[in-house]
Amino acid sequence: MMYVTGDHALSAPASDPAAVSKELRDRTEITDALYRFALGQDLKDRELFASAFAEDAELDFRPAAAKWGAKPPLMASRETIVSTILGMFTGRVDTTHQITNPRITIDGDTARLTALVEAQHLLTADHSKHALLKNPYAVDLVRHGESWVIQHLRIDTTWYTGDPAAIFGSGD
């Protein structure tokens, strides 16, 4: 199953306050990994952006890009993801990301997060050239010490306005 569709939020029993507290901490840290991804990208903050990913992470933007005919490669490794995204946007594209509807399942040291992300992209030199995307994210995460990091991120697009090719290129 790609998206988290369970009928409740917490799996820890309400009668076990320690388990509830641990699960709530994990859920906060899991969501924070996606917040670090978004804010790191928006601020062009390499350290913050990189902190969202496992060293061998994968970012799959192919489902989203296919909606406007682009064919980017799967990005594999934290360094590739960070260098590619920040290299493509820094000084050229202004972004803002809003994250809503997070749903999470946790299985030991792995987790799945689904969320809806609205991503605004504007060319820095000409804000009339833009792409606004509404994207469902499917995120697999792993525990990393006391925090969580993204292992695999799949980005799809439900709809968009503007011209994504002007922002991202054709990707061929």
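Okay, so let's go over this structure. Keep in mind the model is a prediction, meaning the values are calculated, not measured. (Residues numbered from 1 in each chain as written. Predicted model: local features only at pLDDT ≥ 70, side-chain atom pairs only at ≥ 80, totals over all residues. Heavy atoms only, no water.)

This brings us to the overall build of the protein chain. Looking only at helices and strands, one finds five helices and seven strands in the protein chain. Seen in sequence order, the protein chain has helices and strands lined up from the N terminus as α-α-β-α-β-α-β-β-β-β-β-α. Compactness check: the protein chain gives a C-alpha radius of gyration of 17 Å against a globular reference of 16 Å for 172 residues, within 12% of the reference. Along the first, second and third principal axes, the C-alpha atoms of the protein chain reach 55 × 30 × 25 Å. (Helix = DSSP H or I, 4+ residues; strand = E, 2+ residues; numbered from the N terminus. Rg over C-alpha atoms; globule rule 2.2 N^0.38 Å.)

So, on to the pairing of strand β5 (residues 126–144). The side chains of a regular strand alternate, first on one face of the sheet and then on the other. Pairing geometry for strand β4 (residues 110–123) and β5, over 14 bridges, is antiparallel. By the bridge assignment for β5, L123 is matched with D126. Counting the residues that bridge the hairpin from β4 to β5 gives two residues. Sheet topology note: the β5/strand β7 (residues 159–162) ladder contains four bridges and is antiparallel. Bridged to L132 within β7 is T161. (Pairing = 2+ DSSP bridges.)

Its twelve residues give helix α4 (residues 78–89) an end-to-end C-alpha distance of 17 Å, which sits within 8% of 16 Å, the value for a rise of 1.5 Å per residue. Three or more residues of α4 are buried, namely I81, V82, I85, L86 and F89. One side of α4 holds all its buried residues, which, seen down the axis, span an arc of 95°. Downstream of α4 by a residue or two, G91 has a phi angle that is positive, lying close to 75°. (Expected span 1.5 Å × (residues − 1). Buried < 20%, exposed > 50% of the residue type's maximum accessible area, 1.4 Å probe, protein only. Arc of directions from axis to C-beta.)

Moving on: the side chain of Q41. The residue Q41 is located in helix α1 (residues 17–43) in this model. With residues near it in sequence (within four places) discarded, Q41 still touches R36, F49, I85, L86, F89, T95 and H97. (Contact = heavy atoms within 4.5 Å.)

Its place among the elements puts E23 in helix α1. The buried category is assigned to E23, whose relative accessible area is 7%. Within polar-contact distance, the side chain of E23 engages the backbone nitrogen of S11 at 2.9 Å. At a separation of 2.7 Å, a polar atom in the side chain of E23 contacts the main-chain amide nitrogen of A12. Aside from chain neighbours lying at most four places away, what touches E23 is A9, L10, S11, A12 and I106. (Polar contact = N/O pair within 3.5 Å; in protein donor to acceptor, adjacent residues only side chain to side chain.)

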